[in-house]
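Chains, contacts and geometry: an overview
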Amino acid sequence: MRLLISAVREGFRSLGALGVPVTPPRLRVIKAIPDLALLAVLRRAMGTRRSELVMMRHADVARAEMKVLADELMAVVKAAGVDAPALTRLARSIDAAAAARG
């Protein structure tokens, strides 16, 4: 979860460096919430049966889509010239999972 929080913040910084606003606007609050508070919220939200059904199962069956999104996000990071170690780590894990599946 900490890696996810760091990656989201890196993505937001990359978009900001390119002059692209974060939308919808309510997502901008993520930039202002301290890491520990955001971690608590995410743990609570991700620990529900609903999150398992809605998010996790979708991510599992949409692996190809996740790979495309990761590639596009890494292109944004590269264009922005922002250091993004968390996003890079997550993108590599998606690449490895995609390669393992063939």
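Attention in this report is confined to the structure presented alongside it. Since we're looking at a predicted model, the values are computed, not measured.

Procedures and definitions
The written sequence of each chain sets the order in which its residues are numbered from 1. Reporting in this predicted model follows two pLDDT cut-offs: at least 70 for local features of residues, and 80 or more for side-chain atom pairs to be given and counted; totals over whole chains, interfaces and linings ignore these cut-offs and use all residues. Hydrogens and water are ignored here; the side-chain numbers use all heavy atoms of the structure. Counting from the N terminus, the helices are the DSSP runs of H or I reaching at least four residues and the strands are the DSSP runs of E reaching at least two. The cut-offs for exposure are 20% and 50% of the maximum accessible area for each residue type, with area from a 1.4 Å probe on protein chains only; residues under the lower value are buried, those over the upper are exposed, and the others partly exposed. For each structure, a 1 Å grid was placed over the protein atoms alone; sets of points admitting a 1.4 Å probe that cannot get out are labelled cavities, open sets with protein on both sides within 12 Å along at least five of seven lines are labelled pockets, and lining residues have an atom within 4 Å of a point. Grid points are joined across faces, edges and corners, and a volume is the space filled by probe spheres set on the points. Note on residue classes: Ala, Val, Leu, Ile, Met, Phe, Trp, Tyr, Cys and Pro are nonpolar, Asp, Glu, Lys and Arg are charged, and everything else, Gly too, is polar. Interaxial angle, 0 to 180 degrees, is taken between N-to-C directions of lines fitted to C-alpha atoms, where a helix line uses only the stretch in contact. By convention the crossing between two helices is left-handed if the near helix lies anticlockwise of the far one by an angle smaller than a right angle, and right-handed if it lies clockwise. Here a residue-residue contact requires only that any non-hydrogen atoms of the pair lie within 4.5 Å. By nonpolar core is meant a set of buried Ala, Val, Leu, Ile, Met, Phe, Trp, Tyr and Cys residues that side-chain atoms within 4.5 Å join together.

**Focus: the overall build of the protein chain**
Along the backbone of the protein chain there are six helices and zero strands. Ordered by position from N to C terminus, the α and β elements of the protein chain give α-α-α-α-α-α. A principal-axis box enclosing the C-alpha atoms of the protein chain has dimensions of 35 × 30 × 20 Å. Counting every position in the protein chain, which comprises 102 residues, the buried fraction comes to 21%.

**Quick word on the layout of surface pockets**
The volume enclosed by the largest pocket comes to roughly 1400 Å³. In terms of lining, the largest pocket is formed by 35 residues, of which the most central are Leu4, Ala59, Met66, Leu90 and Ile94. Elements supplying a minimum of two residues to the lining of the largest pocket: helix H1 (2-17), helix H3 (35-46), helix H4 (49-61), helix H5 (63-80) and helix H6 (85-101). The residue makeup of the lining of the largest pocket, split by class, is 29 nonpolar, three polar and three charged.

**As for the packing of H1 against H3**
For any two helices packed against each other, one specifies the crossing angle of their axes together with the interaxial distance. It is at 10 Å that the axes of H1 and H3 come closest, and there the two elements cross at 115°. Regarding H1 and H3, the two cross each other, and that crossing is right-handed. Contact residues: H1 offers Arg2, Leu4, Ile5 and Arg9, while H3 offers Asp35, Leu36, Leu38, Leu39, Leu42 and Met46.

**Considering the nonpolar core**
Counting residues in each nonpolar core, the largest one holds six residues, listed as Ile5, Phe12, Val22, Ile30, Leu38 and Leu39. Every element with two or more residues in this core is listed here: H1 and H3. For Leu38, the contacting residues outside a window of four places in its chain are Ile5, Arg9, Ile30 and Ile33.

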